[in-house]
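What the coordinates show
What follows is each chain in one-letter form.
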Amino acid sequence: MTRDFLPGSVRRLAAHEARVLRSFVLWIVRRRHQVGPGDRAFGYASPQAATVYGLAFVCVVETIAVSFMVRDWPAVHAVLLFLDVYTVVQVLGIQVAAVTRPHVLTPDALRMRAGARVDLVIPLSQIACIRRELKFQGAGGTVPDDVLELSVGSQTSLTVELTEPITHVQLLGRRREVTVVRFHADESGELAKALTAAVA
């Protein structure tokens, strides 16, 4: 591990945590991140909602149980309580970020997102075609290097092919060129129709 890798990675992780926390603020005030007046937003969080809320419930139960077991050790109790509450916030943050950061179709671009983790802007001029196709993560074997999968609930429902590669920067800063993006939208038919009309 190089000296430059660690600080950059820490900064990127800290920025990701900040985006998750800001998503809670947006959720509370019922706003969505950077959706302009003339833009169309398309949600994608539905397939993962039950799993996320179920996991959060399990974390809460664990927090209560652990707090009861270590109640006679105040220092240990305080540390574990902080870590457990932080875990619950992060788990809920997965869903909250996905709800407040939808895919956005603007007059010039398609902005694809995966919560606070991915924010990829593709100019409409670089979109060759879009098609509806349900794919499950891992079902088709190894994913080619030039294909980006933004699965939700282990599934994607739309595939966008590009006329030329676009650079995707991963969470820790690794860059890769992609020519195909598979992603999910709750209203996949509406998004496919709107995008097809926009690039026609």
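Overview of the structure. Just so it is clear, the structure is predicted and the values come from calculations on it, not from any experiment. (Residues numbered from 1 in each chain as written. Predicted model: local features only at pLDDT ≥ 70, side-chain atom pairs only at ≥ 80, totals over all residues. Heavy atoms only, no water.)

A word on the sheet that holds strand β8 (residues 175-183). Strand order in the open sheet formed by four strands is β5-β7-β8-β6, with mixed pairing between adjacent strands. Each edge of the sheet is formed by a strand with only one pairing partner; in this case those strands are β5 (127-136) and β6 (147-150). Direction aside, the axes of adjacent strands within the sheet are offset by 40 degrees on average. Of the strand pairs in this sheet, strand β7 (residues 155-169) and β8 are connected by eight bridges, and their pairing is antiparallel. Counted as the bridge partner of V169 is R175 from β8. This element, helix α4 (residues 188-199), spans β5, β7 and β8 of the sheet and lies at about 165 degrees to β5. (Pairing = 2+ DSSP bridges. Helix = DSSP H or I, 4+ residues; strand = E, 2+ residues; numbered from the N terminus. Axes fitted to C-alpha atoms, helices over the stretch in contact; angles between N-to-C directions. Contact = heavy atoms within 4.5 Å.)

Of the two faces of strand β4 (residues 118-123), only one is covered, namely that formed by V118, L120 and I122; the face formed by D119, V121 and P123 stays uncovered. The pairing of strand β3 (residues 109-114) with β4 spans six bridges and is antiparallel. The residue bridging R113 from the neighbouring strand is D119, located in β4. Where β3 folds back onto β4 in an antiparallel hairpin, the turn is made up of three residues, including G115, whose phi is positive at roughly 60 degrees. (Buried < 20%, exposed > 50% of the residue type's maximum accessible area, 1.4 Å probe, protein only.)

Moving on, we come to the sheet that holds strand β2 (residues 103-105). In space, the four strands of this open sheet follow the order β1-β2-β3-β4, with antiparallel pairing throughout. The open sheet is flanked by β1 (40-42) and β4, the only strands paired with a single partner. Geometrically, the sheet is characterised by an average inter-axis angle of 15 degrees between neighbouring strands, direction not taken into account. Contacts between α4 and the sheet are confined to β1, β2 and β3, with β1 contributing the most and set at about 145 degrees to the helix.

This brings us to α4. The end-to-end C-alpha separation of α4 is 16 Å, in line with the 16 Å expected for 12 residues at 1.5 Å each. Residues S188, L191, A192, A194 and L195 constitute the buried set of α4. Summarising the contacts, the buried residues of α4 are in contact with β1, β2, β3, β5, β7 and β8. (Expected span 1.5 Å × (residues − 1).)

With that settled, the discussion passes to the nonpolar core. Counting residues in hydrophobic clusters, the biggest one holds 25 residues, and the most contacted among them are L110, V160, V181 and F183. Every element with two or more residues in this core is listed here: β3, β4, β5, β6, β7, β8 and α4. Apart from residues no more than four positions distant in its own chain, L110 is found in contact with V104, L105, L120, V121, I122, L124, I127, V160, F183, L191 and L195. (Core = buried A, V, L, I, M, F, W, Y, C linked by side-chain atoms within 4.5 Å.)

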